[in-house]
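Chain by chain, the residues run as shown.
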Amino acid sequence: QKNGVSNGTLYKKTFIEHFEQAPMYVAVFTFVGFAVGTIFGYLRDFMRAWGLEKRNIAAEREQQKDFVPLYQDFENFYTRNLYMRIRDNWNRPICSVPGPQFDLMERVTDDYNWTFRFTGRTIKNVINMGSYNYLGFAETDVNALKTVTRELEKYGTGVCSTRQEMGTLDKHVELEKLVATFLGVEDAMVFGMGFATNSMNIPALVGKGCLILSDELNHTSLVLGARLSGATIRIFKHNNMQSLEKLLRDAIIYGQPRTHRAWRKIIILVEGIYSMEGSIVRLPEIVSLKNKYKAYLYLDEAHSIGAVGATGRGVVEYFGMSPDDVDVLMGTFTKSFGAAGGYIAGKKGLVDFLRTHSHSAVYATSMCPPVAEQIIRAMKCLMGLDGTTQGLQRVRQLEKNTRYFRRKLHEMGFIIYGNDDSPVVPLLLYMPGKIGAFARRMLEKNIGVVVVGFPATPITESRARFCVSAAHTREMLDKVLNALDELGDYLQLKYSRYSKSSHPELYEETRLELED
Amino acid sequence: FQAPAYHLILEGILILWIIRLLFSKTYKLQERSDLTLKEKEELIEEWQPEPLVPPVPKDHPALNYNIVSGPPTHIITVNGKECINFASFNFLGLLDNEKVKSAAQASLKKYGVGTCGPRGFYGTFDVHLELEERLAKFMRTEEAIIYSYGFATIASAIPAYSKRGDIVFVDEAACFAIQKGLQASRSNIKLFKHNDMADLERLLKEQETEDQKNPRKARVTRRFIVVEGLYMNTGDICPLPELIKLKYKYKVRIFLEESLSFGVLGEHGRGITEHFGINIDDIDLISANMENSLASIGGFCCGRSFIIDHQRLSGQGYCFSASLPPLLAAAAIEALNIMEDNPDIFRTLRAKCEHIHKALQGISGLKVVGESFSPALHLQLEESCGSRENDVKLLKRVVDYCMNSGVALTQACYLEKEEKCLPPPSIRVVITVEQTEQELDKAASLLKEAAQSVLN
């Protein structure tokens, strides 16, 4: 069912998200599929234990056979018996730039995915629907990479020191100023890895005696950072404001468990766009809750910076709010900027504190200069500082591509999750057998997709996830959509009960703004 | 046969009592929802949180950091002044090597900068596979796995194997990344005194007696020893042969962190196992970062396939993070080529380390901490002047004196509240192959002068 919220003054445009439930028979068949896989798994384990079948996994050393076993047999049951069957759909190696099209290395298996071997051929010009290349900055155009080449020649690739010792280069200072200007905040600090930005800075901000309210579907880096901090963690239902408000009220009224002392501070951890659902955080409501209950907000814009918003400034701009509403703005440069690393931005006091107390500033190497230069040139392009309107064009193109792709998928009758404006499009597959079939058939049609199953998603909701890019042309998207149409009929993936295709004459709308 | 009247009356009363009990309100032993709505609103009004971050004083030493203009190579421009670089971990001088740079340029032309995805979702490039093969071949192990950040390497490797209920014996002087890995693993941590094998054996014996009390639990509890090849905090090496003996005697697995010793120790730079001549299969996992000798970014783990393959699905920094940019992987491959083609740079580096170790002896007020062949030494105050803050200020004056005279040094930085065993404040001296004998002598005499003028 759709939930369109027109919340009066809070939301300036309609906020439509879809989380349609599949018909009951789909869930039944999914469980049946897993049960069959499990039964066969037990059978194969039995045969392997009794020597009727060859063991293909690497084994412990002879000299260490009497040590305590390193892995429990049961832990690896899923890996051995279910994942191994469809393992060829992940870790596919590529040998070109991860742009809108790329080249895959052809890989075959002689023993049912236990080992792979490369034939030496490459599959050329596969359409890339899997890489996080939202604005198309993953490119090898010589003109575009002119400054990066120059900086690589000047600085080399390493830094060999930490930020607090001898690792702060003038490039980092330049980059931090630019990030602060881009986001409209006082100051920013950059780190060498996006994952580490979360796991090393959340422990610096909160500690014992603090409360973290974290969304159900937060990324592993946020969960790891929250655990390492030592604070108490409470989880609220995904994007559900009533659940969050209840937790906030209970926290302030009843205090810490058992002692009932007041909490030192309360921090809310949310993401801008959730990468497995494609949903956008309900920022206006969270900010009003945060102001009412005096909590702090930590917003992880890994997927949303550059990808949403009229000029690519992220969810803060998408909802028309000011960056002062969010206490800690965090993001990564891997997705929309085609580089690597992360940043945290906010008030000067916050960033000064992180410069002195962040684990990354004291113990981890700083970002490498050519990568910093790539971020600088991408940001300058987005802000229009390089004299062209290319940045703005990219953002608009991404918006157009997203709307077109999502609308067409809805019309065809697939179940798609997420917000209408998010470039992350999860398409539900449900049954385990279809995961492998879908990815392999799409590769045969020269399209590379990403499929995810348990444990990254709930066990009944396996999905294929598409990442729309500004660099995709209309032809590429049409090719993908036609392939999906065919495959959807062949694999019977069109579960949606609300598809417009069932009553085409009622939905003869002309969407003028998309057709130019 | 009819029941007597008092029976019927008693049963009637009983039924009425049951009906009353069924329909009466349940009560809890602890009255929690005693508060009225008004009281709740008042509590919410009154609650004041701490500020998000405490204010940082403007003269905090970490806020006045050194800014380096240009590449941090042998001659470094710090805060506008040109100095000889004794502070960056560029042991083999590969930071500005022309061949490395041109390999990175070629990779940049072919692949662009970023990989735009984790290893599982089209983020695996052929350069990553090549680098993993080369590293495994160089270290003579079966398999290697690359991470995109040095800190995340050991911090993701340890929790992939050691879970809640397992036991880890770790040296007191282990670096912060190991400490974070241990914290994430939620295992039982037992610290033993730095390089003290007797202390470790005592802990192992205690564990053995514990096991005999509960053999069923002991059969599923994994045990690990985590040590570093060359310790970052103290500059000395771990006694690996004794550790191997303890490993087989008490059936514990060894994880070796070789960030400083990879590319430094051993005849061909293979690290501490080559230095001691130990069979590399005896070590379960070797983890190192590529940010020191290889002058790139990232880290790797190597060992037998049985062990390393597990990290491809359970190493958090591997599965949930974008992969290493290909230009950095190409630079690392080229650096490995140079290491393989010129095996005598390791001997040169060690000779330089011995030279400066000797030259720095006898400075009044400062003592040298570290092995004679370690390229990362510490200079600590012989006598502390009371508080850590004053020690730090004093050492800063020594460092400033040297910086003004053309030698770039830095103090070793730690997070004072977070470390388990905080090392004393010290000046870090880093030796690279690019430093000439005159420069080493100049640095030593400058340090003597500085110590004289500041500490006396």
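What counts, and where the lines are drawn
Residue positions within a chain follow its written sequence, with the count starting from 1. Here chains are named by letter from A upward and ligands by number from 1 upward, in the order in which they appear as written. For a predicted model such as this one, the threshold for reporting local features is a pLDDT of at least 70, and the threshold for listing and counting side-chain atom pairs is 80 or more; totals across whole chains, interfaces and linings nevertheless cover every residue. Excluding hydrogens and water, the side-chain values take into account all heavy atoms of the structure. The helix and strand labels rest on DSSP assignments: H or I over at least four residues marks a helix, E over at least two residues marks a strand, and numbering proceeds from the N terminus. Radius of gyration means the value over C-alpha atoms here, while the globule rule gives 2.2 Å times the residue count to the 0.38 power. Any residue under 20% of the maximum accessible area for its type is buried, any over 50% is exposed, and the rest in between are partly exposed; the area is computed with a 1.4 Å probe on protein chains only. Residues are treated as being in contact if the distance between any of their heavy atoms lies within 4.5 Å. In this description, accessible areas are obtained by the Shrake-Rupley approach with a 1.4 Å probe, and a residue is regarded as covered only by the protein chains that are shown. Positive charges come from Lys and Arg, negative ones from Asp and Glu, while His and the chain ends are left out of the count. Note that the charge is assigned to NZ on lysines, CZ on arginines, CG on aspartates and CD on glutamates. Two strands qualify as a pair provided DSSP detects at least 2 bridges between them. In this analysis an axis means a line fitted to C-alpha atoms, helices contributing only their contacting stretch, and an angle means the value between N-to-C directions, from 0 to 180 degrees. Ring geometry is summarised as follows: Phe, Tyr and Trp rings, the Trp one being its six-membered ring, pair when their centres sit within 6.5 Å, and such pairs are stacked at plane angles under 30 degrees, edge-to-face over 60 and tilted between the two. Placement of a charge over a ring requires the Lys NZ or Arg CZ to be within 6 Å of the ring centre, with the centre-to-atom vector within 35 degrees of the ring normal. Here, the term nonpolar core denotes a set of buried Ala, Val, Leu, Ile, Met, Phe, Trp, Tyr and Cys residues that are joined through side-chain atoms within 4.5 Å. UniProt positions are given in the numbering used here, feature names are shortened, and annotations may be inferred rather than shown by experiment. Any carboxyl oxygen of Asp or Glu that lies within 4 Å of a side-chain nitrogen of Lys or Arg is treated as forming a salt bridge with it. By buried area we mean how much accessible surface two parts lose on assembly, using a 1.4 Å probe and totalling the loss over both. As used in this structure description, the phrase polar contact means that two N or O atoms lie within 3.5 Å; if the pair is within protein, one of them must be able to donate a hydrogen and the other to accept it, and residues adjacent in sequence are counted only when both atoms belong to side chains.

Engineer: Describe in detail the overall build of chain B, supporting the description with residues and values.
Structural biologist: Within chain B, the secondary structure is distributed over 16 helices and 16 strands. In terms of overall dimensions, chain B is more spread out than a globule: its C-alpha atoms have a radius of gyration of 30 Å, far above the 23 Å expected for 456 residues. Taking the principal axes of its C-alpha atoms as reference, chain B extends roughly 120 × 55 × 50 Å. By residue count, 59% of the 456 residues in chain B fall in the buried class. Across chain B, every contact between residues at least 6 apart in sequence was considered, and the portion connecting residues at least 24 apart equals 68%. Total accessible area on chain B is roughly 19,900 Å²; 54% of this is exposed by carbon and sulfur atoms. One finds the centroid of the 52 positive side-chain charges in chain B at a distance of 4 Å from the centroid of its 60 negative side-chain charges.

Engineer: Quick rundown of the overall build of chain A? Include the residues and the values.
Structural biologist: Each helix and strand in chain A was counted, giving 15 helices and 17 strands. Since a compact globule built from 516 residues should have a radius of gyration of about 24 Å, the 24 Å found for chain A is in line with a globular shape. Each principal axis of the C-alpha atoms in chain A carries an extent, and together these give about 70 × 65 × 60 Å. With 516 residues in all, chain A has 61% of them scored as buried. Residue pairs in contact within chain A that sit at least 24 positions apart in sequence constitute 71% of those at least 6 positions apart. For chain A, the exposed surface amounts to about 20,400 Å²; the carbon and sulfur share of it is 55%. Each charge class in chain A was averaged separately, 63 positive and 57 negative side chains, and the resulting centres sit 3 Å apart.

Engineer: Give a detailed account of helix α11 (residues 305-314) of chain B, specifying residues and quantitative values.
Structural biologist: For an α-helix the count is 3.6 residues per turn, leaving residues at separations of three or four pointing the same way. Here α11(B) has its buried residues at Ser305(B), Phe306(B), Ile307(B), Ile308(B), His310(B) and Gln311(B). Elements in contact with the buried residues of α11(B): β5 (143-147), α5 (150-161), β10 (285-289), β11 (299-303) and α12 (316-319) of chain B.

Engineer: If you had to explain the sheet that holds strand β14 (residues 424-430) of chain A to someone new, which residues and values would you point to?
Structural biologist: All names here are of chain A. Strand order in the open sheet formed by three strands is β14-β17-β16, with antiparallel pairing between adjacent strands. Only two strands of the sheet have a single neighbouring strand rather than two, namely β14 and β16 (450-452). On average, each strand axis in the sheet is inclined to that of its neighbour by 25°, with strand direction left out of account. Looking at chain direction, β16 and strand β17 (residues 462-467) are connected through three bridges and run antiparallel. Note that in β17 the partner of Val452 across the bridge is Arg463. In this fold helix α13 (residues 390-412) packs onto β14 and β17, with an angle of close to 25° to the strand it touches most, β14.

Engineer: Outline the packing of aromatic side chains, listing residues and values.
Structural biologist: For any pair of aromatic rings, the description consists of the separation of the ring centres together with the inter-plane angle of the planes. This model, assessed by the stated rule, comprises 25 aromatic pairs over all chains. Considering the side-chain rings of Phe102(A) and Tyr122(B), the 5.2 Å spacing of their centres and the 55° angle between planes classify their relative orientation as tilted. Here the residue Phe102(A) occupies a position in strand β4 (residues 101-108), and Tyr122(B) occupies one in the loop between α3 (98-111) and β4 (124-125), the pair thus bridging two chains. When its relative accessible area of 2% is taken as the criterion, Tyr122(B) is described as buried. Where Phe182(A) meets Phe337(A), the ring centres are 6.2 Å apart and the plane angle is 75°; that geometry is what we call edge-to-face. Within this pair, whereas Phe182(A) is found in helix α4 (residues 170-183), its partner Phe337(A) is found in the loop between β11 (328-332) and β12 (342-346), the two being separated by 155 residues in sequence. Summarising the burial analysis for this pair, Phe182(A) and Phe337(A) share the class buried. Directly above the aromatic system of Phe116(A) lies the positively charged group of Arg107(A), at a separation of 4.1 Å from the ring centroid.

Engineer: Please provide a residue-by-residue account of the nonpolar core, values included.
Structural biologist: Within the largest apolar cluster, 245 residues are counted, with the highest numbers of intra-cluster contacts made by Ile266(A), Leu283(A), Phe405(A), Phe438(A) and Leu484(A). The dominant element in this core, judged by the number of residues it contributes, is helix α13 (residues 326-341) of chain B, at ten residues.

Engineer: Now, about the UniProt feature "domain: Aminotransferase class I/classII large" (unreviewed entry) in chain A: what can you tell me, with residues and values included?
Structural biologist: UniProt tags residues 124-484 of chain A as "domain: Aminotransferase class I/classII large" (unreviewed entry). Here residues 124-484 of chain A is 42% helix and 17% strand, with 20 Å between the C-alpha atoms at its ends.

Engineer: Provide a residue-level description of unusual backbone geometry, including the pertinent values.
Structural biologist: Glycine aside, residues mostly have negative phi, and peptide bonds are mostly found in the trans state. Even without glycine at this site, Asn91(A) takes up a positive phi of about 55°. Looking at the secondary structure, you find Asn91(A) in the loop between α2 (77-81) and β3 (93-94). Positive phi outside glycine occurs at Asn79(B), with the angle close to 50°.

Engineer: If you had to explain the sheet that holds strand β2 (residues 75-78) of chain B to someone new, which residues and values would you point to?
Structural biologist: All names here are of chain B. Taken in spatial order, the four strands line up as β1-β2-β3-β14 in an open sheet, and their pairing is mixed. The open sheet has two free edges, formed respectively by β1 (68-69) and β14 (407-408), since each of these has just one partner strand. Two elements, β2 and strand β3 (residues 81-85), share four bridges in a ladder whose sense is antiparallel. Paired with Val78 across the bridge in β3 is Lys81.

Engineer: Just give me the short version of the pattern of salt bridges, but keep the residues and values in it.
Structural biologist: Pairing between side chains of opposite charge can happen when their charged atoms approach one another. Per the stated rule, a full pass over the model turns up 54 salt bridges over all chains. Arg407(A) serves as the salt-bridge partner of Glu411(A), at 3.4 Å between the closest nitrogen and oxygen. Of the two residues, Glu411(A) and Arg407(A) are both situated in helix α13; the distance of four residues between them amounts to about one turn of the helix. Judged by relative accessible area, which is 24%, Glu411(A) ranks as partly exposed. Note that Arg312(B) is salt-bridged to Glu143(B), the shortest N-O span being 3.0 Å. In this pair, Arg312(B) sits in helix α11 while Glu143(B) sits in strand β5, placing the two residues 169 residues apart along the sequence. One salt-bridge network, in which partners are shared between bridges, spans Arg150(A), Glu151(A), Lys171(A), Glu174(A) and Glu373(A).

Engineer: Give me the interface of chain A and chain B: which residues, what numbers.
Structural biologist: With 111 residues of chain A at the contact, the number on the chain B side is 118 residues. The junction of chain A with chain B conceals about 10,100 Å² of combined surface from both sides, 64% of it contributed by carbon and sulfur atoms. Together, Glu165(A), Met166(A) and Tyr363(A) form the three largest contributors to the area buried by chain A at its contact with chain B, with a combined 8%. At the boundary of chain A and chain B, one finds five salt bridges. The partner of Lys251(B) in a salt bridge is Asp66(A), and the shortest N-O contact between them spans 3.2 Å. Where chain A touches chain B, the interface holds 40 residue pairs in polar contact (both at pLDDT 80 or more). Sort the elements by how many residues they give to the side of chain A that touches chain B and helix α10 (residues 348-357) of chain A lands first, with seven residues.

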